[in-house]
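In case you want the letters, here they are:
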Amino acid sequence: MQIAILSGKGGVGKTFVSTNLAAIIAKKEKIVFFDNDVEEPNSHLFFKGKDIKEEKVNVIYPVVDENKCDLCGECGKFCQFGGILVGKKKVIVIPQSCHGCGGCKMVCSRDAIEYTERDIGKIIERDTDLGFKFYYGILNIGELAATDIIKDLRAISNEYSQKGYLCIIDSPPGTSCSAYNTVEGVDFAVLVSEPTPFGISDMKLVIEMLKELDIKFGVVINRANLGSREIYDYLNKEGIPILGEINFDKLIVDYYSKGELISTYIKSYNEIFTAIYNNIKELL
Amino acid sequence: MRIAVPVREDKGWDSLIDERFGRGAFFAIYDTDKDSLEIIENTAKDVASGAGRQAVQLLSDNNVDVVIAYEVGPKSKDTLDALGIDAYKLDNFNMSVKEVIDLYNNNKLQKV
């Protein structure tokens, strides 16, 4: 079983919800947590423990043999990402733009292209003090292809899921390739939003994506006591289940800013996240 | 020799300069040997990333030797260098292709 925690807009409390929810569920089930927000991971700040493994994520890119190349330009025309540029005297490869499709080699009539590897980031495995395993990815600064790391993380979560673990995946925000690759194929999605015009507008985009992917989902409304009722009207009209509501509370900020999980300290928050978990279970 | 200038419109010698290089709308290409001007669409302008580099590829495909622009980013500059295209900088973009080529012919432009 795999559950992804998503948000349309950034900063609505996706990591807050996913980390607290995980801590609650971990008391009842065998879980593994994944932070797929590899461009800005921060779940690791809340799950203290010991990093036991660090693995580089490698991708390929083309290397052109200048002795064989006749500068015909076919490779450059084939590449849709500008990863290979052919001039009058030489060919330039932009490794960061390469998506590793292998097409440039296929269209090269001079057999002048080979591939080599470089690392674009890493995946870290941590044994948390809460007793479950936690994986997070980090994309190197300047790299573009977050999905290469996200797909590796998903391969790991697929394995755990098959072994009977409940995988909780903190997704990148929005509906970009990173979020899409995170959520594709999961069993359930928890969509975190807030009752602001931005929160509602961006949430609708994610809802469209989830419907397209045919993934069951529900919404957690964070800072529920602020903003307007528009989000409730919309969700009610669409028949989308509300999994829980969390009011704005300075206490949350106090715990969050210290990297602590409020649900493990404050009973009322333990109850809120337990209720969210129970609501998810009913929908699974 | 062929000189390319990013322009925001297709109005021949009167076309105004586009302040952007990689995401400019068109390129005006002046051929000094033939004394002719052509305007081509910048097919790289809407790509998600790396527009500058792909614009350089487009210019290289069009046998351009020199680029004159208001702003050339570092990635575009690296690619221009690698493909052997010289770049000259404009101090302002509020002028026509004709004025730019005049400046170039009178050696009033600075090489990047």
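Residues numbered from 1 in each chain as written. Chains lettered and ligands numbered in written order. Predicted model: local features only at pLDDT ≥ 70, side-chain atom pairs only at ≥ 80, totals over all residues.

**Notes on the sheet that holds strand E1 (residues 2–7) of chain B**
Residues and elements named next belong to chain B. Strand order in this open sheet of 6 strands is E3-E2-E1-E4-E5-E6, and the pairing throughout is mixed. Strands with a single pairing partner mark the edges of an open sheet, and in this sheet they are strand E3 (36–41) and strand E6 (110–111). Pairing analysis gives 2 bridges linking strand E5 (residues 86–89) to E6, with the strands arranged antiparallel. Opposite Tyr-88, over in E6, you have Lys-111 as the bridge partner. (Pairing = 2+ DSSP bridges. Helix = DSSP H or I, 4+ residues; strand = E, 2+ residues; numbered from the N terminus.)

**Quick look at the packing of helix H1 (residues 14–25) of chain A against helix H9 (residues 267–283) of chain A**
Residue and element names in this part refer to chain A. Two elements in contact, H1 and H9, have axes separated by 9 Å at closest approach and are oriented at 85 degrees. For the element pair H1 / H9, the angle class is roughly perpendicular. Counting all contacts with H1, which are made through Asn-20, Leu-21, Ile-24 and Ile-25, the residues of H9 involved are Tyr-269, Asn-270, Phe-273, Thr-274, Ile-276 and Tyr-277. Residue composition of the contact of H1 with H9, grouped by class: 7 nonpolar, 3 polar and no charged. (Axes fitted to C-alpha atoms, helices over the stretch in contact; angles between N-to-C directions. Parallel < 35°, antiparallel > 145°, perpendicular 65-115°, else oblique. Contact = placed C-beta atoms within 7 Å. Nonpolar A, V, L, I, M, F, W, Y, C, P; charged D, E, K, R; others polar.)

**Considerations on the domain arrangement of chain A**
Domain annotation for chain A reports domain 1 (2–48 + 129–283) and domain 2 (58–119). Relative to domain 2 of chain A, the C-alpha centre of domain 1 of chain A lies at a distance of 39 Å. (Domains from an automatic or database assignment.)

**Quick look at the interface of chain B and chain A**
Counting from both sides, the interface comprises 12 residues of chain B and, opposite them, 12 residues of chain A. Residue assignment for the side of chain B that touches chain A shows that the elements contributing at least two residues are helix H1 (51–61) and helix H2 (74–82) of chain B. Among the elements that line the side of chain B that touches chain A, the one with the most residues is H1 of chain B, at 5 residues. Taken together, the residues of the side of chain B that touches chain A break down into 4 nonpolar, 7 polar and 1 charged.

**Brief notes about the nonpolar core**
Grouped together as the largest cluster of nonpolar side chains are 66 residues, with contacts concentrated most on Leu-21, Phe-33, Ile-168, Ala-189, Val-190, Leu-191 and Val-220 of chain A. The element contributing the most residues to this core is H1 of chain A, with 7 residues. Residues contacting Leu-21 of chain A, with those up to four places away along its chain left out, are Ile-168, Phe-273, Ile-276 and Tyr-277 of chain A. With 43 residues, the next largest nonpolar core counts Cys-79 of chain A together with Val-7, Phe-27 and Val-64 of chain B among its residues. (Core = buried A, V, L, I, M, F, W, Y, C linked by C-beta atoms within 7 Å. Buried ≥ 20, exposed ≤ 12 C-beta atoms within 10 Å, placed from the backbone.)

**Description of the pairing of strand E10 (residues 217–222) of chain A**
Residues and elements named next belong to chain A. Within E10, 5 of the 6 residues are buried, which leaves the element mostly enclosed by the surrounding structure. Note that strand E9 (residues 188–193) and E10 share 5 bridges and pair parallel. Residue pairing across strands places Ser-193 opposite Ile-221, the latter belonging to E10. What joins E9 to E10 is helix H6 (residues 197–212), and the crossover it makes is right-handed. Here 4 bridges tie E10 to strand E11 (residues 242–246), and the two strands are oriented parallel to one another. Bridge pairing links Asn-222 to Ile-246 in E11. Taking the sense of rotation as the criterion, the β-α-β connection linking E10, helix H7 (residues 230–238) and E11 turns out right-handed. (Right-handed = clockwise from strand over helix to strand, strands pointing away.)

**Some remarks on the packing of H1 of chain B against H2 of chain B**
Residue and element names in this part refer to chain B. Packing of H1 against H2 brings their axes to within 8 Å, and their N-to-C directions diverge by 30 degrees. In this view, H1 runs roughly parallel relative to H2, as classed from their interaxial angle. Crossing of H1 over H2 shows right-handed handedness. Counted together, Gly-52, Arg-53 and Val-56 of H1 and Lys-75, Ser-76, Thr-79 and Leu-80 of H2 form the full contact between these two elements. (Left-handed = near helix turned anticlockwise from the far one by under 90°.)

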